[in-house]
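Residue-level structure breakdown
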Amino acid sequence: MKTYPAIDVRTDAPDLLLAIVDDFGPTAVEDLERERSVRIFFPSPTDRDAALRALDPCFDAAAIDVPDQDWARRSQENLKPVTIGRIIVAPPWVALSPEPSALVVVIQPSMGFGTGHHATTRLCLAALQAIPLTDPVVLDVGTGSGVLAIAADRLGAARALGIDCDPDAIQSARENLAFNPAVTRVRFEIGDLSTMPLPVSDIVTANLTGALLIRSAPALIAAVRAGGTLVLSGLLAHERDDVCEAFAAAAVFWEREEDGWVGLAMKKA
Ligand code: SAH
């Protein structure tokens, strides 16, 4: 059975912890609230072991290989439809009778991050609805499940490209596309934003981490046309000012906070 390399860390300082492991490309972070610890997933056992070495001896951390089955069971428990404005994000097995104005985005649970159950995804979906979407070309950087690219199509984008450095995420994004047959103008490609030339687009969405947003600001700004929009999330409230400084070439016109996470929409001059 497939397993996912992860680390369980007991900590009262999750921000410091996440800043340390950020260099090793974590793919998902899960709060294990009862045990006051977090579980951090990595793309490979090599990345996980390197992160573990970086955490030792300051953190009480242990490697764990999480069985796929366990992940699916836990995610399915959470997978009720989520409504954000006009958009309903729902798993494939839920029968919906939505209002005529609702736009349904079907997302199946998998390792691809982005089921609408995380505040940062919801913030991006809300921000996308605060932007006039008259036929824009959208680039979704770190697409995960593909939820933002698929939602952009439903909201009227001319086309959307989702990229992710994690091949499993791209596979799940493509599977999700098949669950949304009305969505025909979206494609997904494996790519790392730090090495891949990003196509210039009207709207760039990037739900990453505060540190990665700051590091990648020049590439993300260059990927938006003049007058275009950046939608950012994945940053924590205390990272907001540093992120805005890194993106000073764009002016914030929409901002929202949820569960300590921040979503921003910015217009490039
Ligand atoms: N867009 C989705 C998923 C966000 S999770 C949503 O809003 O819910 C962040 C995603 O960024 C993960 O799937 C991760 O694999 C991807 N990612 C992290 N670093 C990246 C990089 N350097 N280049 C491309 N994708 C990256």
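Presented here is an overview of the structure given in this document. (Residues numbered from 1 in each chain as written. Predicted model: local features only at pLDDT ≥ 70, side-chain atom pairs only at ≥ 80, totals over all residues. Heavy atoms only, no water.)

As for the pattern of salt bridges
Cut-off, in case you're wondering: Salt bridges are identified by distance alone: a Lys or Arg side-chain nitrogen within 4 Å of an Asp or Glu carboxyl oxygen. Strands here are runs of E lasting at least two residues and helices are runs of H or I lasting at least four, both read from the DSSP assignment and numbered beginning at the N terminus. Exposure is judged per residue with a 1.4 Å probe applied to protein chains only, and the accessible area is read against the type maximum: over 50% gives exposed, under 20% gives buried, and values in between give partly exposed.
Scanning the model with the defined rule gives 12 salt bridges in all. The salt bridge involving Arg 240 is made with Glu 255; its shortest N-O contact spans 2.7 Å. Within this pair, whereas Arg 240 is found in helix α8 (residues 240–246), its partner Glu 255 is found in strand β13 (residues 250–258), the two being separated by 15 residues in sequence. Residue Glu 255 is classed as partly exposed on the basis of its relative accessible area, which comes to 40%. Through salt bridges with shared partners, a single ionic network connects Arg 48, Asp 49 and Asp 65.

Regarding the environment of Ala 62
The cut-off we apply is this: Throughout, a residue-residue contact means that at least one pair of heavy atoms, one from each residue, lies within 4.5 Å.
You can see Ala 62 is positioned in strand β4 (residues 60–67). The class for Ala 62 is partly exposed, based on a relative accessible area of 41%. Leave out the neighbours within four places in its chain, and Ala 62 touches Ala 6, Ile 7, Asp 8 and Leu 52.

Observations concerning the pairing of strand β6 (residues 87–90)
The side chains of a regular strand alternate between the sheet's two faces. In plain terms, the rule: Two strands make a pair as long as DSSP finds a minimum of two bridges between them.
Along β6, one buried face is formed by Ile 87 and Val 89 and the opposite face, lined by Ile 88 and Ala 90, is buried too. Summarising the sheet, strand β5 (residues 82–84) and β6 pair through three bridges and their orientation is antiparallel. From the neighbouring strand, Thr 83 faces β6, where its bridge partner is Ile 88. One ladder, built from four bridges, connects β6 with strand β7 (residues 103–106); its direction is parallel. Residue pairing across strands places Ile 87 opposite Leu 103, the latter belonging to β7.

Purely geometric stuff here, so don't read any function into it on its own.
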